[in-house]
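Residue-level listing of the chains:
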Amino acid sequence: MNSNDRAPSGLNWLGSFAVLCALIALWWVASNAGWISRVFLPTPQATFASLLEGLNLSGESRNGELLAFTQATVGRMVEGWLLASLFGVVLGAAIGVSPAVRAWIQPTLEFIRPLPASALLPLAISIFGLNPGMVLFVVAFGAMWPVLLATVHGFAAVEPRLAEVARCLQMSRAAYIWKMGLPNAMPDILAGMRLALTIALIVAVVGEMIASQSGLGQAILLAARAFRASDLFAGIVLLGLIGFVSNALLAFAEKRLLRWQQP
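What you are looking at is a predicted structure, and each value in this text was computed from that prediction instead of being measured.

## Quick word on the overall build of the protein
Now for step 1: Within the protein, the secondary structure is distributed over ten helices and zero strands.
Now for step 2: Ordered by position in the sequence, the α and β elements of the protein form the string α-α-α-α-α-α-α-α-α-α.
Now for step 3: Projected onto its principal axes, the C-alpha positions of the protein cover 75 × 60 × 35 Å.
Now for step 4: Classification of the 263 residues of the protein by burial places 36% in the buried group.
Now for step 5: At a minimum sequence separation of 6, the contacts of the protein that also span at least 24 residues come to 67%.
Now for step 6: Entry remark: accessible area of the protein is about 15,400 Å², with carbon and sulfur atoms responsible for 69%.
Now for step 7: Placing the 16 positive and 12 negative side-chain charges of the protein at their respective mean positions leaves the two points 6 Å apart.

Here it is as structure tokens:
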């Protein structure tokens with residue numbers, strides 16, 4: 001790869017940063033000029049101050065409750081995502097390697113897939129009650145579908161000649177999945193896992209709001225009810241940072257794991 005190939009990426013980052021700065025500047029003007037009441041739109045300075053105080057980074061004597069809420073949400077998101085990835089890959093591989101099983105199961109998967117995970121919260125509450133396990137179940141269920149469907153698609157798209165080679169070598173089904181199917185399906189699986197991580201964060205926040213579980217979702221809801229706009233926006237900024245960092249880490253891991261595909 002030469003410098004000309006890398007130039008567009010640098011320009012994209014510069015353009016993205018410029019857009020972000022423009023949005024923050026517009027936010028600063030709108031709040032300081034009084035276009036929107038500060039009861040609903042705090043200034044960036046107030047939001048940043050609330051963020052530092054909540055994370056216990058301001059140097060003052062604070063309890064850092066926002067940091068504890070962040071840890072709870074991130075932990076719930078990661079645990080649900082890991083469970084979703086595990087079950088999604090295992091079930092997807094079992095379905096994807098068999099055309100007959102795909103023909104039987106695919107319609108059912110397509111029927112269940114569009115169901116929003118948040119719509120299952122009342123059912124999950126009635127089964128598990130209002131506890132962290134209930135939220136974890138809903139997070140894992142909602143995040144599983146991108147991984148499951150991506151895995152099915154990845155295994156179904158494996159070159160048919162590889163299956164013929166596996167039969168000629170008398171490979172077992174498990175050996176075929178591990179040595180041929182999984183490496184070829186890995187790009188689809190990793191793409192599904194990146195999407196699943198975003199869904200896990202969204203469902204975790206919604207679950208915390210509805211089920212009154214400790215986390216950023218509950219903190220944002222309580223701040224909105226108390227008209228603490230700066231705390232509300234601080235929580236939203238944190239959610240954005242969590243999503244951005246987690247996606248960047250997965251993108252880096254995906255690039256490292258798929259180095260063998262690069263020319």
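## A few points about helix α2 (residues 44-54)
Now for step 1: When we look at burial in α2, the residues that qualify are P44, T47, S50, L51 and G54. Viewed end-on, α2 has its buried residues packed into an arc of 125°, placing them on one side of the element.
Now for step 2: Once α2 ends, the next one or two residues include N56, with phi positive near 60°.

## Topic: the side chain of Q218
Now for step 1: Tracing the sequence through the fold places Q218 in helix α9 (residues 216-225).
Now for step 2: Among the polar contacts listed, one links the side chain of Q218 to the backbone oxygen of S212, at a separation of 3.5 Å.
Now for step 3: In this view, Q218 contacts F69, E208, M209, S212 and Q213; residues no more than four positions away in its chain are not counted.

## Section: the pattern of salt bridges
Now for step 1: For the structure shown, the criterion picks out three salt bridges.
Now for step 2: The salt bridge partner of R76 is E208, with a shortest N-O separation of 2.5 Å. Here the residue R76 occupies a position in helix α3 (residues 65-96), and E208 occupies one in helix α8 (residues 173-211), the gap between them amounting to 132 residues. Here R76 and E208 have matching classes, each one buried.
Now for step 3: Two residues, D231 and R228, come together in a salt bridge whose shortest N-O distance is 2.6 Å.
Now for step 4: A residue is classified by how much of its surface remains accessible, and R228, at 37% relative accessible area, is partly exposed.

## What to know about the nonpolar core
Now for step 1: Residues W81, M134, V138, Y176 and L216 are the most contacted members of the largest nonpolar core, which totals 59 residues.
Now for step 2: Of all the elements in the fold, those that place two or more residues in this core are α3, α5 (121-128), α6 (132-156), α7 (160-168), α8, α9 and α10 (229-257).
Now for step 3: Looking at this core element by element, the count peaks at 15 residues for α8.

## Here we look at the layout of surface pockets
Now for step 1: Taken as a whole, the largest pocket holds about 610 Å³ of empty space.
Now for step 2: Considering the residues around the largest pocket, the lining is formed by 16 residues, among which L20, I24, V237, G240 and L241 are closest to the centre.
Now for step 3: The element contributing the most residues to the lining of the largest pocket is helix α1 (residues 3-32), with eight residues.
Now for step 4: Here the residues of the lining of the largest pocket are counted per class, giving twelve nonpolar, four polar and no charged.

## Digging into the confidence of the model for the protein
Now for step 1: With 91% of its residues at a pLDDT of 70 or more, the protein has an overall mean of 85.
Now for step 2: Within the model, pLDDT remains below 50 along residues 1-7, and this stretch shows one contact once partners closer than five positions in the same chain are excluded.

## As for the packing of α8 against α9
Now for step 1: Remark: α8 packs on α9, axes separated minimally by 7 Å, with the N-to-C direction vectors making an angle of 55°. With respect to each other, α8 and α9 are oriented oblique. Of the two possible hands of crossing, α8 and α9 adopt the one that is right-handed. Residues V205, E208 and M209 of α8 form the contact with α9, whose own contacting residues are L216, G217, Q218, I220 and L221.
Now for step 2: Class assignment of the residues belonging to the contact of α8 with α9 gives a composition of five nonpolar, two polar and one charged.

Rules used throughout
Residues numbered from 1 in each chain as written. Predicted model: local features only at pLDDT ≥ 70, side-chain atom pairs only at ≥ 80, totals over all residues. Heavy atoms only, no water. Helix = DSSP H or I, 4+ residues; strand = E, 2+ residues; numbered from the N terminus. Buried < 20%, exposed > 50% of the residue type's maximum accessible area, 1.4 Å probe, protein only. Contact = heavy atoms within 4.5 Å. Areas by Shrake-Rupley, 256 points an atom, 1.4 Å probe, with all protein chains shown as cover. Lys, Arg positive; Asp, Glu negative; His and termini not counted. Charge placed at Lys NZ, Arg CZ, Asp CG, Glu CD. Arc of directions from axis to C-beta. Polar contact = N/O pair within 3.5 Å; in protein donor to acceptor, adjacent residues only side chain to side chain. Salt bridge = Lys/Arg side-chain N within 4 Å of Asp/Glu carboxyl O. Core = buried A, V, L, I, M, F, W, Y, C linked by side-chain atoms within 4.5 Å. 1 Å grid on protein atoms, 1.4 Å probe; cavity = no way out; pocket = protein on both sides within 12 Å on 5 of 7 lines; lining within 4 Å. Points joined across faces, edges and corners; volume = space filled by probe spheres on them. Nonpolar A, V, L, I, M, F, W, Y, C, P; charged D, E, K, R; others polar. pLDDT = per-residue confidence, 0-100. Axes fitted to C-alpha atoms, helices over the stretch in contact; angles between N-to-C directions. Parallel < 35°, antiparallel > 145°, perpendicular 65-115°, else oblique. Left-handed = near helix turned anticlockwise from the far one by under 90°.

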